[in-house]
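# Structural overview for review
Below are the chains, spelled out letter by letter.
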Amino acid sequence: NKSITTATDKFLTCTVSGLSQNTPVTWIDPENNEIPDSDTNDYVIDQGTYVFGSKASTLTIKTDKINSLSSGDTFKCKLRSAQFSSYSPNVVKEMILTLLTLDVETTNKEVEVGTDETISCVITGITKQLDSVVWRKDGTDVTSLSGSNYVVSAGTYGSNSQTTTLTVNAAANTPDSTYTCAITSDEWLQTNK
């Protein structure tokens, strides 16, 4: 199973070992059709290199094609022994796609002036650590002011999400202030979302 975002080309890799010789891999689309090498509008197939009885073939799914897919769609890679093709079974590996949606969730919160407070922002629909996180107070970047009044934690990626926090020292916690988080994610082609 593979979770993917829909903003850029994605790669599925089929690794097979125990081969006695180089054997071509056939990729099968969700409609159970073989993907031809000539279909370069939607896909790119790299057969990979045969090394010591193993090979890894890669299917690149182009962004426009990804946007026509649904969660739960299954791609397959298939091969049959080139040496014993008449009586060897097909080896088939399935990869079920989960399409992710980027979401930045903040919580509106009222706090008492002059108290320490931690604010969080939860980002979901990602497959890796965010490229950057910026926290702003009333539109002014406070990320670079981290230290005595502000402590920023970009958070750690896990399970297709990341939670970033901003801790505001009591001295910097002033009336009617609005804090926002902005993220940059190259996998989603997003800057300051």
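Up top you'll find the structure we're talking about.
Anyway, here's the lowdown on the structure attached to this text. Being a predicted model, the structure only gives us computed values, none of them experimental.

Quick look at the overall build of the chain now. Helices and strands together make up the secondary structure of the chain, namely 1 helix and 14 strands. Taking 16 Å as the expected radius of gyration for a compact globule of 193 residues, we find that the chain reaches 24 Å, considerably beyond that expectation. Expressed as a percentage of its 193 residues, the buried residues of the chain come to 35%. At a minimum sequence separation of 6, the contacts of the chain that also span at least 24 residues come to 62%. Of the roughly 10600 Å² of accessible surface on the chain, a fraction of 46% belongs to carbon and sulfur atoms.

Attention shifts here to the nonpolar core. If you look at the biggest cluster of nonpolar residues, it comprises 20 residues, and the most contacted ones within it are Leu12, Trp27, Ile35, Leu59, Ile61, Phe75 and Leu97. Put simply, the parts of the chain that give this core at least two residues each are β2 (10-16), β4 (43-46), β5 (55-61), β6 (74-79) and β7 (91-99). When near neighbours in sequence (up to four residues on either side) are disregarded, Ile35 contacts Trp27, Ile28, Asp29, Tyr43, Ile45, Leu59 and Phe75. One finds Leu100, Ile119, Trp135 and Val168 within the second-largest nonpolar core, a separate group that totals 19 residues.

Bringing the pattern of salt bridges into the picture now. What the rule picks out here adds up to 2 salt bridges. With its nearest N and O atoms 3.9 Å apart, the salt bridge here joins Lys78 to Glu34. One end of the pair, Lys78, is in strand β6; the other, Glu34, is in the loop between β3 (26-28) and β4, with 44 residues separating them in the sequence. Close ionic contact of Lys128 with Asp186 constitutes a salt bridge, the shortest N to O distance being 2.8 Å. In this pair, Lys128 sits in the loop between β9 (117-124) and β10 (132-137) while Asp186 sits in the segment after β14 (179-184), placing the two residues 58 residues apart along the sequence.

All chains considered together, the criterion is met by 1 aromatic pair. Taking 6.1 Å as the distance between ring centres and 70° as the angle between the ring planes, the aromatic pair formed by Tyr43 and Phe75 counts as edge-to-face. On the criterion of sequence distance, the pair formed by Tyr43 in strand β4 and Phe75 in strand β6 is long-range, its members being 32 residues apart. Since its relative accessible area comes to 3%, Tyr43 is described here as buried.

Take the sheet that holds strand β13 (residues 161-168) next. Across the sheet, which stays open at both edges, the 4 strands sit in the order β8-β9-β13-β12 with antiparallel pairing between neighbours. With partners counted over all chains shown, the strands left at the sheet margins are β8 (103-106) and β12 (150-153), one partner each. Recorded for the sheet is a direction-independent mean angle of 15° between the axes of neighbouring strands. As defined by bridge partners, β12 adjoins β13 across 4 bridges and the pair is classed as antiparallel.

Once that is clear, we can look at the state of the cysteines. This structure, assessed with the given rule, holds 2 disulfides. What pairs with Cys121 in a disulfide is Cys181, and their sulfur atoms sit 1.9 Å apart. Taken together, the residues Cys121 in strand β9 and Cys181 in strand β14 connect sequence positions 60 residues apart. Among the cysteines of the chain that take part in disulfides, numbered as they appear in the sequence, the pairing is 1-2, 3-4.

The next subject is the sheet that holds β3. The 4 strands lie next to each other as β1-β7-β6-β3, forming an open sheet whose pairing is mixed. Because the sheet does not close on itself, it has two edges, and the strands there are β1 (2-4) and β3. Shown here is a sheet whose adjacent strand axes are inclined to one another by a mean of 25°, direction ignored.

On the secondary structure map, Glu187 appears in the segment after β14. Buried within the structure, Glu187 lacks any salt-bridge partner; its nearest side chain of opposite charge belongs to Lys10, at an N-O separation of 4.8 Å. Side-chain polar atoms of Glu187 contact the side chain of Thr127, separated by 2.4 Å.

How each quantity is defined
Residues numbered from 1 in each chain as written. Predicted model: local features only at pLDDT ≥ 70, side-chain atom pairs only at ≥ 80, totals over all residues. Heavy atoms only, no water. Helix = DSSP H or I, 4+ residues; strand = E, 2+ residues; numbered from the N terminus. Rg over C-alpha atoms; globule rule 2.2 N^0.38 Å. Buried < 20%, exposed > 50% of the residue type's maximum accessible area, 1.4 Å probe, protein only. Contact = heavy atoms within 4.5 Å. Areas by Shrake-Rupley, 256 points an atom, 1.4 Å probe, with all protein chains shown as cover. Core = buried A, V, L, I, M, F, W, Y, C linked by side-chain atoms within 4.5 Å. Salt bridge = Lys/Arg side-chain N within 4 Å of Asp/Glu carboxyl O. Phe/Tyr/Trp six-rings, centres within 6.5 Å; stacked < 30°, edge-to-face > 60°. Pairing = 2+ DSSP bridges. Axes fitted to C-alpha atoms, helices over the stretch in contact; angles between N-to-C directions. Disulfide = S-S within 2.5 Å. Lys, Arg positive; Asp, Glu negative; His and termini not counted. Polar contact = N/O pair within 3.5 Å; in protein donor to acceptor, adjacent residues only side chain to side chain.

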